[in-house]
Each structure stands twice: as C-alpha cells, then as structure tokens.
Amino acid sequence: MAVGRAGFHGLPDAAGIVEVGYAINPAHRRRGYARAALESLLERAARDPGVHTVRATIRPDNTASRDLVVQYDFVAVGEQWDDEDGQEIVFEVDANPSR
C-alpha cells in the first residue's frame, strides 16, 4: 500500500543542488513516513558525488515539514514564489558534510 511519495525534482543543477520532495497521504501522517522518506533522500544525495546541496521548499504554513527539515540541519536561505504552491521558504543543507 502506498502511503505517499518521495523523490527528487530532477537531476542536480550545475551547482550540485538537488531538490527533495515528499508527500504523505493524510490518513498515514504522524507515523514516521515523512521522516523515513527524507532520510532516504538525504542518504541517496550523500552518495552522489555530483550533489553538494540538498534543497527543500516549504510553504510557510506547513509547520510539520518545516519542523522536520530543521531537525536535519536545513537552514532557511530565502523565499520564492511557486505557481502551484504559492509562497515557499527555501531550505538547504550540505549533502555530505564529511566530504
């Protein structure tokens, strides 16, 4: 049974930035699935030598996702407008701090 989806919004750009995205079905939230999805994406990004930065863009009212990404050392680096989601805060973290 699918409880949500997770993945990258394309290949890393020229600067080595890759954006993660995940969505959990509301009936399955608060069970650790978002955390597992984010951890899996971060682990995959860390193994890719072409990825230097992982980005997550989050609507200001999505406190659950914001609270999750800051637990993984993401920091807010700016804001952007998305035609589908509206205003978003841009968060980034080093893909592999031990490199």
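Above this text sits the structure in question.
First, a word on what this report is: a plain description of the structure on this page. (Residues numbered from 1 in each chain as written. Predicted model: local features only at pLDDT ≥ 70, side-chain atom pairs only at ≥ 80, totals over all residues. Heavy atoms only, no water.)

## Some remarks on the side chain of Thr-57
This is how it is decided: Strands are runs of DSSP state E lasting at least 2 residues, helices are runs of H or I lasting at least 4, and numbering of each runs from the N terminus. Think of a polar contact as two N or O atoms within 3.5 Å of one another; within protein, one of them needs to be a possible hydrogen donor and the other a possible acceptor, and neighboring residues in sequence only count if both atoms come from side chains. The contact rule is simple, with two residues in contact once any of their heavy atoms fall within 4.5 Å.
Within the element layout of this structure, Thr-57 appears in strand β3 (residues 53-58). At 2.7 Å, the side chain of Thr-57 forms a polar contact with the side chain of Glu-19. Once residues lying within four places of it in the same chain are set aside, the contact partners of Thr-57 are Glu-19, Gln-80, Glu-88, Ile-89 and Val-90.

## So, the pattern of salt bridges
Short version of the rule: We define a salt bridge as a side-chain nitrogen of Lys or Arg found within 4 Å of a carboxyl oxygen belonging to Asp or Glu. A simple rule labels every residue: compare its accessible area, found with a 1.4 Å probe on the protein chains alone, to the largest value its type can have, and call it buried under 20%, exposed over 50%, or partly exposed in between.
Per the stated rule, a full pass over the model turns up three salt bridges. Ionic pairing is found between Glu-92 and Arg-55, a salt bridge with its closest N-O pair at 2.4 Å. Highlighted residues: Glu-92 in strand β5 (residues 86-94) and Arg-55 in strand β3, separated in sequence by 37 residues. When the shortest N-O distance is used, the salt bridge between Arg-66 and Asp-67 registers 3.5 Å. By relative accessible area, Asp-67 is classed as partly exposed at 38%.

## Topic: the pairing of strand β4 (residues 75-82)
Remark: a regular strand shows side chains that alternate across the two faces of the sheet. We count it as follows: We call two strands paired when DSSP finds no fewer than two bridges between them.
Alignment of β4 against β5, held across seven bridges, turns out to be antiparallel. Residue Asp-82 lies in a different strand from β5, and its bridge partner there is Gly-86. From the end of β4 to the start of β5, which pair antiparallel, there are three residues.

## A closer look at the layout of surface pockets
Defined as follows: Using a grid of 1 Å spacing that covers the protein atoms alone, one calls a set of points a cavity when a 1.4 Å probe fits there but cannot get out, and a pocket when the set is open and has protein on both sides within 12 Å along at least five of seven lines; lining residues are those with an atom within 4 Å of a point. Grid points are joined across faces, edges and corners, and a volume is the space filled by probe spheres set on the points. When residue character is reported, Ala, Val, Leu, Ile, Met, Phe, Trp, Tyr, Cys and Pro are called nonpolar, Asp, Glu, Lys and Arg charged, and the others, Gly included, polar.
Considering only enclosed or pocket space, the largest pocket measures out at about 1,000 Å³ in volume. Around the largest pocket, the lining comprises 32 residues; the ones closest to its centre are Tyr-22, Ala-23, Ile-24, Asn-62 and Ser-65. Only β1 (4-8), β2 (17-24), α1 (33-47), β3 and α2 (63-70) provide two or more residues apiece to the lining of the largest pocket. The element that contributes the greatest number of residues to the lining of the largest pocket is β2, accounting for six residues. Residue classes in the lining of the largest pocket are distributed as 12 nonpolar, nine polar and 11 charged. Of the voids in this model, the second largest pocket is the one considered here, and its volume is about 180 Å³. As for the second largest pocket, its lining consists of Glu-39, Leu-42, Glu-43, Ala-46, Tyr-72, Asp-73, Val-93, Asp-94, Ala-95 and Pro-97. Secondary structure elements with two or more residues in the lining of the second largest pocket: α1 and β5. Considering each element in turn, the lining of the second largest pocket owes the most residues, four residues, to α1. Taken together, the residues of the lining of the second largest pocket sort by class into six nonpolar, no polar and four charged.

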